[in-house]
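# Fold and contact review
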Amino acid sequence: MKKITILLLVVSAFSCKNTQNIASKNNSDPSKYIEKISEKNLKEMLYVVASDEMEGRETGSKGQKKAGLYMIEQYKKNGIPFPKGATDYYQHIPASYLNARHNENLQDSENIWAYIEGSEKPDEILVISAHYDHVGIQNGEIYNGADDDGSGTVALLEMAKAFAKAKKEGHGPKRSVLFLHVTGEEHGLHGSRYYSEHPLFPIANTIADINIDMIGRRDVEHAKTNNYVYVIGADRLSSDLHNAVVSQNEKYIKMDLDFKFNDPKDPNHFYERSDHYNFAKHGIPAVFFFNGVHEDYHGKDDIAEKIEYDALTKRTKLAFVVAWELANRENRPVVDKK
């Protein structure tokens, strides 16, 4: 009897230790999953999202809704569900909200969301955002918006697939990740504002927002290289977030980080001009990845053929490793600035 008791205690101790090890998987190195982000996949998806078939993805339009269905198909194909607490992949936004500030006769539209639940801190939420609307058809010409923001749209799809692969192999993020495709950005950041005012998860539980808006081209300031990205806003609220971006880039990506537009005195005010701002207004640390304005910005020649897919891939990988760090680190980014 005594021997049996000792044996049971040993088995029990081993079982507890083994369970603890499973629950505390070492997610310190994302290298394997960085390589799941594929230039080929990004290109293939962007040629669909920014095709003439989507009619420029004007907010609430038939073309935008068609692009949304394509995005949802990608999430379903990769086994990535809609968030807990939601009934489907849509956050519906009524036309009355979209037209309340400036009546532009916009139709009902939708944010689209997908979700990977955290393994250890599921109630803490990292948001990764990009807008999927563009400016539609003007004077009979389709404005495809391949860079703005087809590039960010497909980046989210590919990052989600990499996170899903990691989770399937037992290395899922410790915090939950919400992939949020927002509508109405081109008309005044409406979709992200709506989410910030009607969040699915409490704003207090949202640890950060990584926003991706235009990462597929280069601007005139970087005519000789596309190995750069503008980093905007990371240090406005949190030194932790800024340090995470810098350290993850140095460790895995080695891209030139350009902080020119992070200057609070920047006359372009890019910090206030994309969807991260509606999170930052609520005290949530936010970073905006951006390639700068090029000659086809809001023009009819912002097409998939002009995207530099090596740059799109590298910038997507940067956003991914920053997301990986934030989702898996011990503590959420500290808000140490106002």
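In what follows, the accompanying structure is described. (Residues numbered from 1 in each chain as written. Predicted model: local features only at pLDDT ≥ 70, side-chain atom pairs only at ≥ 80, totals over all residues. Heavy atoms only, no water.)

Moving on, we come to the overall build of the protein chain. Across its full length, the protein chain holds 11 helices and 10 strands. Put simply, the protein chain has 338 residues, and 55% of those count as buried. Partitioning the contacts of the protein chain with sequence separation of at least 6, the portion at a separation of at least 24 is 82%. (Helix = DSSP H or I, 4+ residues; strand = E, 2+ residues; numbered from the N terminus. Buried < 20%, exposed > 50% of the residue type's maximum accessible area, 1.4 Å probe, protein only. Contact = heavy atoms within 4.5 Å.)

It is worth spelling out the packing of aromatic side chains at this point. The full count for this structure, using the stated rule, is 19 aromatic pairs. Considering the side-chain rings of Y115 and F201, the 5.4 Å spacing of their centres and the 15° angle between planes classify their relative orientation as stacked. Of this pair, Y115 sits in strand β2 (residues 109-116) while F201 sits in the loop between α7 (190-197) and β7 (206-212); the two residues are 86 residues apart in sequence, bridging distant segments of the chain. One exposure class covers both Y115 and F201, and it is buried. When the ring of F163 is compared with that of W324, the centres are 5.9 Å apart and the planes differ by 15°; the resulting orientation is stacked. Here F163 is found in helix α6 (residues 146-168), whereas its partner W324 is found in helix α11 (residues 309-328), with 161 residues between them in sequence. In this structure F163 comes out as buried when scored by relative accessible area, which is 0%. Each member of the aromatic cluster is reached from another via a ring pair, and the members are Y228, Y230, F261, F270, F288 and F290. (Phe/Tyr/Trp six-rings, centres within 6.5 Å; stacked < 30°, edge-to-face > 60°.)

Turning to the sheet that holds strand β3 (residues 121-131), a few remarks are in order. Overall, mixed pairing links the eight strands, which are arranged β1-β2-β6-β3-β7-β10-β8-β9 in an open sheet. On the outer flanks of this sheet lie β1 (90-93) and β9 (256-258), each paired with one strand and no other. Taking the axes of each pair of neighbouring strands and ignoring which way they run, one obtains an average angle of 25° across the sheet. With four bridges connecting them, β1 and β2 associate as antiparallel partners. Each residue of the ladder has a partner; that of Q91, found in β2, is N111. In the packing of α11 onto the sheet, contacts are made with β3, β6 (175-182), β7, β8 (228-232), β9 and β10 (286-290), and the angle to β7 comes to roughly 180°. (Pairing = 2+ DSSP bridges. Axes fitted to C-alpha atoms, helices over the stretch in contact; angles between N-to-C directions.)

The next thing to look at is the layout of surface pockets. If a probe the size of a water molecule is rolled over the atoms, the empty space left behind becomes visible. What the largest pocket holds in volume is close to 230 Å³. In this structure, the largest pocket is lined by 13 residues; those nearest its centre are N78, G79, I80, A164 and K165. Elements represented by at least two residues in the lining of the largest pocket include exactly β2 and α6. Class assignment for the residues of the lining of the largest pocket results in five nonpolar, two polar and six charged. For the second largest pocket, the calculated volume is near 160 Å³. Across the lining of the second largest pocket, the residue classes tally to five nonpolar, two polar and five charged. (1 Å grid on protein atoms, 1.4 Å probe; cavity = no way out; pocket = protein on both sides within 12 Å on 5 of 7 lines; lining within 4 Å. Points joined across faces, edges and corners; volume = space filled by probe spheres on them. Nonpolar A, V, L, I, M, F, W, Y, C, P; charged D, E, K, R; others polar.)

Counting through the fold element by element, N328 comes out in helix α11. Assessed through its relative accessible area of 10%, N328 is described here as buried. There is a polar contact of 2.9 Å between the side chain of N328 and the side chain of N27. There is a polar contact of 2.9 Å between the side chain of N328 and the backbone oxygen of W324. (Polar contact = N/O pair within 3.5 Å; in protein donor to acceptor, adjacent residues only side chain to side chain.)

A full pass over the atoms with the stated rule returns one cavity of 30 Å³ or more. A volume near 40 Å³ is recorded for the largest cavity. Contributing to the lining of the largest cavity are R236, F261, D263, P264, D266, H269, F270, Y271 and E272.

Purely geometric numbers; function is a separate question.
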